[in-house]
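The residues making up each chain are set out below.
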Amino acid sequence: MTLAALSLAACAGGPEKDTRNPTTPTGVTASAGSASTVHVMWSAATDDRAVTAYEVYQQGRKVKDLPATTLMTDIVNLTPATAYTFTVRARDAAGNRSEPSAPVPATTLAATAQDRTPPTTPGTLRATPDGRHAATLTWTPARDDTKVTAYDIYQADARVHTVPGTATTARITGLRPGTVYSFTVRARDAAENSSPDSDPADCTTARAPGAPASTAPTNLAARATKGEITLTWTPPRTGAPVKEHQLFLNESFATTIVWGADPPPGPATYTFTVPPTPGTRYSVKLRARLPDGTWGDFSTQRTVVVR
């Protein structure tokens, strides 16, 4: 066999080269949040193997390179009262890029005098499941001494969506079936002042056919006082007393809460100490030990601020 034949034989057994481009991102929106920022969002693209990144372009120039798990970003340091256009492209591991999305326009807000007053808290937040993979949120408007320019939606203390300041509803997608979620909303003005969090609203997405019932603790509430956080919740119904819960603090395991005898009837309560530094945020969630010895589903996550 000649050297050329050997080379061809070696290539024939190698992996097939990826030359297919991802699909073009759809649902691209751009909304000005202040005099210097625009919030860009889009729906996920697909690829025959996997989308690995998204590229965001401003006036045809790439300004952001983001991982495939990210479907929104803020473009900052823009000029006040200026019109911009944005497009998004998907990229795969082989470097193949999709066609640019349709361009979307956004005009930054006019610069205003120094504003240090945040908007009021959005009111009466409600969350309604919308099938297995989405939820619809509604709330009453916040007020501001100038103007509310955006509402930011948070899930587990992470921002997952932004809508214009004229909106009082949002649809959150990409959720998991049969999962309990907790949402809060903050209002924001043109000077980037944000309101306090709204009261949380919980919802549980519809379960997949044949899936078991949720084993998550419910009605979790958290209250912070100086140097302490007090939790109350309802243990899941498992057919037997629930004597142990795991407490997670800021996404990390903190302790196991154990009742030596039968647990108290009705809601459970637990208090633990934290450093009394004002303004410190803590996220908390729980899960129960089930009768078969395994750990159940996580509760909703609550965020508290030390005052």
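Draft legend 1. Looking closely at the overall build of the protein. Tallying secondary structure elements over the protein gives 1 helix and 21 strands in all. Oriented by its inertia axes, the alpha-carbon framework of the protein measures out at about 80 × 70 × 35 Å. Here the protein holds 307 residues, and the buried ones make up 40% of them. Counting only contacts in the protein whose residues sit at least 6 apart along the sequence, the fraction spanning at least 24 positions is 63%. Of the roughly 16,200 Å² of accessible surface on the protein, 53% is carried by carbon and sulfur atoms. In the protein, which carries 30 positive and 26 negative side-chain charges, the distance between the mean positions of the two groups comes to 1 Å.

Draft legend 2. Geometry of unusual backbone geometry. If you check the backbone angles, A81 has positive phi at about 50° while not being a glycine. Turning to its location among the elements, A81 is positioned in the loop between strand 5 (72–75) and strand 6 (83–92). By relative accessible area, A81 is classed as exposed at 54%. With a phi angle near 55°, N219 is a residue other than glycine that sits in the positive phi range. Here N219 shows up in strand 15 (residues 218–225).

Draft legend 3. Up close: the pairing of strand 4 (residues 61–67). Note that strand 3 (residues 51–58) and strand 4 share 6 bridges and pair antiparallel. By the bridge assignment for strand 4, Y57 is matched with K62.

Draft legend 4. Expanded view of the packing of aromatic side chains. Applying the stated rule across the entire model yields 8 aromatic pairs. When the centroid spacing of 6.0 Å and the interplanar angle of 25° are considered together, the rings of Y270 and F272 count as stacked. Lying over the aromatic face of Y154, R186 brings its terminal NZ or CZ to 3.9 Å of the ring centre. Over the ring of F298 we find K285, and its NZ or CZ is 4.3 Å from the ring centre.

Draft legend 5. Spatial organisation of the sheet that holds strand 14 (residues 201–204). The sheet built from 4 strands is open, its strands ordered 11-10-13-14 with antiparallel pairing. The open sheet has two free edges, formed respectively by strand 11 (158–164) and strand 14, since each of these has just one partner strand. The average angle at which neighbouring strand axes cross in this sheet is 30°, direction not considered. In this sheet, strand 14 lies alongside strand 13 (residues 180–189) in antiparallel orientation, the contact comprising 4 bridges. Considered in strand 14, the bridge of S182 is made with D202.

Draft legend 6. Geometry of the pairing of strand 2 (residues 38–41). Both faces of strand 2 are covered, namely the face carrying V38 and V40 and the face carrying H39 and M41. Bridge count between strand 1 (residues 29–32) and strand 2: 4 bridges; the pairing is antiparallel. Within strand 2, the residue paired with A30 across the bridge is V40. The sheet contact formed by strand 2 and strand 5 spans 4 bridges and is antiparallel. The residue bridging M41 from the neighbouring strand is M72, located in strand 5.

Draft legend 7. Summary view of the side chain of S283. Tracing the sequence through the fold places S283 in strand 20 (residues 281–288). Aside from chain neighbours lying at most four places away, what touches S283 is F248, L249, N250, E251, Q301, R302 and T303.

The rules behind the values
Residues numbered from 1 in each chain as written. Predicted model: local features only at pLDDT ≥ 70, side-chain atom pairs only at ≥ 80, totals over all residues. Heavy atoms only, no water. Helix = DSSP H or I, 4+ residues; strand = E, 2+ residues; numbered from the N terminus. Buried < 20%, exposed > 50% of the residue type's maximum accessible area, 1.4 Å probe, protein only. Contact = heavy atoms within 4.5 Å. Areas by Shrake-Rupley, 256 points an atom, 1.4 Å probe, with all protein chains shown as cover. Lys, Arg positive; Asp, Glu negative; His and termini not counted. Charge placed at Lys NZ, Arg CZ, Asp CG, Glu CD. Pairing = 2+ DSSP bridges. Phe/Tyr/Trp six-rings, centres within 6.5 Å; stacked < 30°, edge-to-face > 60°. Lys NZ or Arg CZ within 6 Å of the ring centre and 35° of its normal. Axes fitted to C-alpha atoms, helices over the stretch in contact; angles between N-to-C directions.

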